[in-house]
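# Examining the three-dimensional arrangement
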Amino acid sequence: MKQRLLIFALLFSFIFSRGFSQAKAKDRVIAAGEMLTVNLFLFDLNTLFLESDPPQVSFDIFLKNLKTPWIWDFSSFKRNQFFHPYIGATYFNSGRANNLGFYESFLLSAAGSFIWETYLEGPVSSANDFITTPLAGSIVGEIMHRLYFCAYDVSPFLSFFVSPVDSINSFLRDKNAVRPEGKIYSMDVFFSSGFNSSSFNFDSASYSSYTNFYYPSLGFGLDIVYQNPYGHKTKEPLDQFNFRTGTYGAIDYGLLYMKADGTLYSWPYYLKNEDNKHNLGISFDYDVYKATDINLSTSSIGFTDKHLLKLSDKELTSNLELNFVYLAASDNYFLLKKDSSITKSAKQPVYTYKLGPELKFDLAFKSQNYKIYSSLVLDYLFTIPGSTIDSKFISDAFIFMVEAGFEHKITGNFYLGINDFLYFKNDINKKDEICSTVQASNFVLLYAKYYFN
């Protein structure tokens, strides 16, 4: 209990500290008050509309949660991997909107999550939520905070939808927070049409099945690069990031994804030639995919090595990341499709929590009129001990994602292109009761893209 109380005290001590930013004591108090307001609003919303049974809240339960081990919770993938990072971002931006620095705002987000898990949510505390909310929330929150100012330059009304906390705080205090250095380096929106094919292969001595589906597909998305990633020298954490989000829809099939890949620190090196730029950095990423037959999120940190080489009037760029996935949520296909031949414990979710190594590699070759690009993601993930309710679903997951495309300028900033995105996953099960699973999903798309620069 003393250890938990010490953690609790440390999370709040920053409010009155002066070591991390130029924020005044008044700013810190307002930031803490806004975080608590968000928590109380969520508590009321949860109690009145989202939960059939009101959560049990008391100081005795709070003390019990400080003493008892935390659990790996059973909430839906969407709630844990989309909702919790967004709430973490609102906690985080309660700090950033009041001039707190990145790390202070991260601690504020951790404090908000700690209060929710130990007191406001009821009789149990969730370990995975306490990890995801502040860590993924700080990535998403910093991206929202910086893009808020970019949107504000276009329209204060538009900026509200980018970061409501920044916008409301600006209205109440009659001024924006201190604007961070940096701006959007490139941004594009795209609309696509094509098809999706999905296949599933279950292979064991007692059970074998193979299915294949083809669907016409429509999609759209947004891709933002904040500050030039090549030769970048960090002034603040996550002052360079790539943010990509989009959705594809098809008959009986859908995919929603978000890729938030940031740089905590970046150091340029070997800059003898101004045209060629190189830098090493510490990557800090949160990626999530939610589809009809695929659920995957990865929170990771690692090392990145970026290069830009000028070749006459052309450019060759590359980015290599070697990451450690400290928390992933990966689906069990049998449970996702509610296979009647597979039994499970009553509270076993349709996914398991995992960790493991990750490799990312991007390569692009472009001229003034066209671009050829490809990307690769490799993960090998292990189930976290104790995180699975039903031991029969303990598995290793090998995940392979590859994307390749070509686009050509039509006129001005308008491009047409073709893109192929393949997702492959092999769940290697550790129990004879469940056979290994191979999933594959492939999108082939023609797209129209407009670049803003």
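Residues numbered from 1 in each chain as written. Predicted model: local features only at pLDDT ≥ 70, side-chain atom pairs only at ≥ 80, totals over all residues. Heavy atoms only, no water.

### Notes on the overall build of the protein
- When its secondary structure is counted, the protein shows nine helices and twelve strands.
- For the protein, the proportion of its 453 residues judged to be buried stands at 51%.
- A separation of at least 24 residues holds for 68% of the contacts in the protein among residues at least 6 apart in sequence.
- Accessible area of the protein: about 21,300 Å², with a carbon and sulfur share of 64%. (Helix = DSSP H or I, 4+ residues; strand = E, 2+ residues; numbered from the N terminus. Buried < 20%, exposed > 50% of the residue type's maximum accessible area, 1.4 Å probe, protein only. Contact = heavy atoms within 4.5 Å. Areas by Shrake-Rupley, 256 points an atom, 1.4 Å probe, with all protein chains shown as cover.)

### What about the pairing of strand β7 (residues 314–331)?
- Among the 18 residues of β7, 13 are classified as buried, and the element is accordingly described as predominantly covered.
- In this sheet, β7 lies alongside strand β6 (residues 295–311) in antiparallel orientation, the contact comprising 16 bridges. Within β7, the residue paired with S299 across the bridge is L327.
- Judged from the 15 bridges that link them, β7 and strand β8 (residues 351–366) form a sheet pairing that is antiparallel. Considered in β8, the bridge of V325 is made with G356. (Pairing = 2+ DSSP bridges.)

### Some remarks on the side chain of K354
- Looking at the secondary structure, you find K354 in strand β8.
- For the buried K354, no salt bridge exists, and the shortest N-O distance to an oppositely charged side chain is 4.6 Å, to D427. (Lys, Arg positive; Asp, Glu negative; His and termini not counted. Salt bridge = Lys/Arg side-chain N within 4 Å of Asp/Glu carboxyl O.)

### Things to note about the confidence of the model for the protein
- Residues at a pLDDT of 70 or more form 87% of the protein, whose mean pLDDT is 85.
- Contacts for the low-pLDDT stretch residues 204–208, under 50 throughout, to residues beyond four places or in other chains number seven contacts. (pLDDT = per-residue confidence, 0-100.)

### So, the pattern of salt bridges
- What the rule picks out here adds up to 18 salt bridges.
- Residues K235 and E181 are paired through a salt bridge, measuring 3.1 Å at the closest nitrogen-oxygen approach. Residue K235 is found in the loop between β2 (208–226) and β3 (241–250), and its partner E181 is found in the loop between α8 (164–173) and β1 (184–203); the two are separated by 54 residues along the sequence.
- Overall, K235 belongs to the exposed group, its relative accessible area being 64%.

### Topic: the packing of aromatic side chains
- Per the counting criterion, the structure on display carries 23 aromatic pairs.
- Judged by centre distance (5.3 Å) and plane angle (75°), the ring pair of F157 and F161 falls under edge-to-face. Residue F157 and its partner F161 are both found in helix α7 (residues 156–162); the two are separated by four residues, about one turn of the helix.
- Residue F157 is classed as exposed on the basis of its relative accessible area of 61%. (Phe/Tyr/Trp six-rings, centres within 6.5 Å; stacked < 30°, edge-to-face > 60°.)

### Here's the deal with the pairing of β6
- With 14 bridges joining them, strand β5 (residues 277–291) and β6 adopt antiparallel strand pairing. Across the sheet, the residue bridging to G281 is T304, located in β6.
- The hairpin turn running from β5 into β6, its antiparallel successor, is three residues long.
- Hairpin geometry of β6 and β7 is characterised by an intervening segment of two residues between the two adjacent antiparallel strands and by a positive phi of about 60° at S312.

### Examining the environment of N419
- Mapped onto the secondary structure, N419 falls in strand β11 (residues 414–429).
- The exposure class assigned to N419 is buried, which follows from its relative accessible area of 5%.
- In sequence terms N419 and A404 are 15 residues apart; their C-alpha atoms lie 5.8 Å from each other.
- Residues in contact with N419, not counting those within four places in the same chain, are Y373, E403, A404, G405, F443, V444, L445 and Y447.
- Within polar-contact distance, the side chain of N419 engages the side chain of E403 at 2.8 Å. (Polar contact = N/O pair within 3.5 Å; in protein donor to acceptor, adjacent residues only side chain to side chain.)

### Re the nonpolar core
- Judged by nonpolar contacts, the single largest core of 29 residues is most densely connected at I139, I143 and F284.
- No other element matches helix α6 (residues 127–154), which puts seven residues into this core.
- If near-sequence neighbours (up to four positions away) are discounted, F284 is found in contact with F102, L135, S138, I139, L238, A260, D261, G262, L264, S300, I301 and Y326.
- The next biggest cluster of nonpolar side chains, apart from the first, holds 25 residues, and it includes Y248, Y289, I294 and F443. (Core = buried A, V, L, I, M, F, W, Y, C linked by side-chain atoms within 4.5 Å.)

### Section: helix α4 (residues 77–96)
- The end-to-end C-alpha separation of α4 is 28 Å, in line with the 28 Å expected for 20 residues at 1.5 Å each.
- Of all the bends in α4, the greatest reaches close to 30° and is centred on F83; the proline P85 follows between one and four positions later.
- Taking burial as the measure, the 20 residues of α4 include 15 buried ones, the bulk of the element. (Expected span 1.5 Å × (residues − 1). Bend = angle between axes of the 7 residues up to and from the residue.)

### Points about the packing of α4 against helix α5 (residues 102–120)
- Look at α4 against α5: their axes get within 8 Å of each other, and the N-to-C directions meet at 130°. In terms of orientation, α4 and α5 fall into the oblique class. You can see that α4 and α5 cross each other, and the crossing is right-handed. Contacts between α4 and α5 pair H84, G88, Y91, F92, S94, G95 and R96 from the former with F102, S105, F106, L108, S109, G112, S113, W116 and E117 from the latter. (Axes fitted to C-alpha atoms, helices over the stretch in contact; angles between N-to-C directions. Parallel < 35°, antiparallel > 145°, perpendicular 65-115°, else oblique. Left-handed = near helix turned anticlockwise from the far one by under 90°.)

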